[in-house]
Amino acid sequence: MSESSERIEELDVDQAENLDTQDDDLNTQEIEDDLNETDEDVDKGDQEEVAEEGEEVPDEEDEVDDRDEVDGRDEVDEEDERGEEGDEEESGDPLDEEGDIAADYLEELLDIADLDGDIDTYVENGRAHVSIVTDSQTLVGKDGKVLEALQELSRLAVMTEVGHRSRLMLDVAGYRESRRKDLVALATEAIQSVKETGEPAHLAPMNPFERKIVHDTVAAAGLVSESEGVEPKRHVVITQEQ
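The text that follows walks through the structure, step by step, so that each part is easy to find. This structure is a prediction, so every number in the text was calculated from the model and none was measured. (Residues numbered from 1 in each chain as written. Predicted model: local features only at pLDDT ≥ 70, side-chain atom pairs only at ≥ 80, totals over all residues. Heavy atoms only, no water.)

Turning to the overall build of the chain, a few remarks are in order. A count of helices and strands for the chain gives six helices and six strands. For the chain, the succession of helices and strands along the chain, N to C, is α-α-α-β-β-α-β-α-β-α-β-β. Taking all contacts inside the chain whose residues are at least 6 apart in sequence as the whole, residues at least 24 apart take part in 55%. Here the chain has roughly 17,500 Å² of accessible surface; of this, 46% comes from carbon and sulfur atoms. (Helix = DSSP H or I, 4+ residues; strand = E, 2+ residues; numbered from the N terminus. Contact = heavy atoms within 4.5 Å. Areas by Shrake-Rupley, 256 points an atom, 1.4 Å probe, with all protein chains shown as cover.)

Two elements in contact, helix H3 (residues 94-113) and helix H4 (residues 145-162), have axes separated by 9 Å at closest approach and are oriented at 125°. Relative to H4, the element H3 is oriented oblique. The two elements H3 and H4 meet at a crossing, and its hand is right-handed. On H4, the residues that touch Glu97, Glu98, Ile101, Ala102, Tyr105, Leu106 and Leu109 of H3 are Leu150, Leu153, Ser154, Ala157, Val158, Glu161 and Val162. (Axes fitted to C-alpha atoms, helices over the stretch in contact; angles between N-to-C directions. Parallel < 35°, antiparallel > 145°, perpendicular 65-115°, else oblique. Left-handed = near helix turned anticlockwise from the far one by under 90°.)

We now examine the sheet that holds strand E3 (residues 169-172). Adjacent strands of a sheet form backbone hydrogen bonds with each other and so pair up, either parallel or antiparallel. Read from one edge of the open sheet, three strands run E1-E2-E3, paired in mixed fashion. The open sheet has two edge strands with one neighbour each: strand E1 (118-124) and E3. When the angles between neighbouring strand axes are averaged without regard to direction, this sheet yields 20°. As paired strands, strand E2 (residues 127-133) and E3 are joined by four bridges and run parallel to one another. By the bridge assignment for E3, Ser131 is matched with Asp171. (Pairing = 2+ DSSP bridges.)

The next point concerns the layout of surface pockets. For the largest pocket, the calculated volume is near 630 Å³. Taken together, 26 residues form the lining of the largest pocket, with Arg127, His129, Met169, Arg180 and Phe209 sitting closest to its centre. At the level of elements, E1, E2, H4, E3, helix H5 (175-197) and helix H6 (208-221) are the ones that each hand at least two residues to the lining of the largest pocket. By residue number, the principal contributor to the lining of the largest pocket is H6, which donates six residues. Counted by class, the lining of the largest pocket contains eight nonpolar, six polar and twelve charged residues. Its volume calculated, the second largest pocket comes out at about 290 Å³. Taken together, Asp143, Lys145, Glu148, Tyr175, Arg179, Pro205, Met206, Asn207, Pro208, Glu210, Glu231 and Pro232 make up the full set of residues lining the second largest pocket. Contributing elements (two or more residues each) for the lining of the second largest pocket: H4, H5 and H6. (1 Å grid on protein atoms, 1.4 Å probe; cavity = no way out; pocket = protein on both sides within 12 Å on 5 of 7 lines; lining within 4 Å. Points joined across faces, edges and corners; volume = space filled by probe spheres on them. Nonpolar A, V, L, I, M, F, W, Y, C, P; charged D, E, K, R; others polar.)

Let us look at H4. The end-to-end C-alpha distance of H4 is 26 Å, a good match for the 26 Å that 18 residues give at a rise of 1.5 Å each. Those residues of H4 that are buried are in contact with H3, E2, E3 and H5. The first or second residue beyond H4 is Gly163, which carries a positive phi of 90°. (Expected span 1.5 Å × (residues − 1).)

This brings us to the packing of aromatic side chains. One pass over the structure, following the stated rule, counts zero aromatic pairs. Sitting over the ring of Phe209, Arg176 keeps its end group 4.7 Å from the ring centre. (Phe/Tyr/Trp six-rings, centres within 6.5 Å; stacked < 30°, edge-to-face > 60°. Lys NZ or Arg CZ within 6 Å of the ring centre and 35° of its normal.)

Read across the open sheet, the three strands follow the order E4-E6-E5; overall the sheet is antiparallel. This sheet does not close on itself; its edge strands, each paired only once, are strand E4 (201-202) and strand E5 (224-228). Sheet analysis places E4 next to strand E6 (residues 235-239), joined by two bridges and oriented antiparallel. Residue pairing across strands places Ala201 opposite Ile238, the latter belonging to E6. Docked against the sheet, H5 engages E4 and E6, running at close to 35° with respect to E6.

Right, here's the structure in full:
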């Protein structure tokens, strides 16, 4: 074979190799382009999907935390409500409490003195009232003096428990109610006398409870009354309206 033929063959081989290399490069470039286009399509699809949904879906852990927080607040609120209701039930009416304290004190006293009697309590006109229902006048005494002393002892027992002065009223064997009727009748007679003569009427010494009944009766009749003197001789004076 001549040298020219060998050179031609060498050129053909080189050209063939170059063509194969170019084909490989082209194929590689095409593959890379296809991959890039695929990635871009995936990215665009993801972006569109997120845009359509508008917001991210919360994780399950976040949802559990939210439920725990809500449940926790609900439990705390329920406990607070139960606590407030319990406080209201425990507090109750302070006047009812005063009556209960006095009733307990008087019940012990009746046991010690070996006296019979039932105890009733109620609230009226902003005061606690305690009544000992009995046929005995032992705890009333002459002119109600024992009753007045027993009332003061009951008030002291209440004050020891609640920490403030009590205006509790005590009645025994219906004495105060009976006395009320007598005082209204007495005040009515004095009022009539003042209207007829124009002269002031001086009543007998009374305790604060009795004077209050007289003052109320006089005021209802349109006359004037005032208390004069000092205990135990403090009394009511009734005059015409000035």
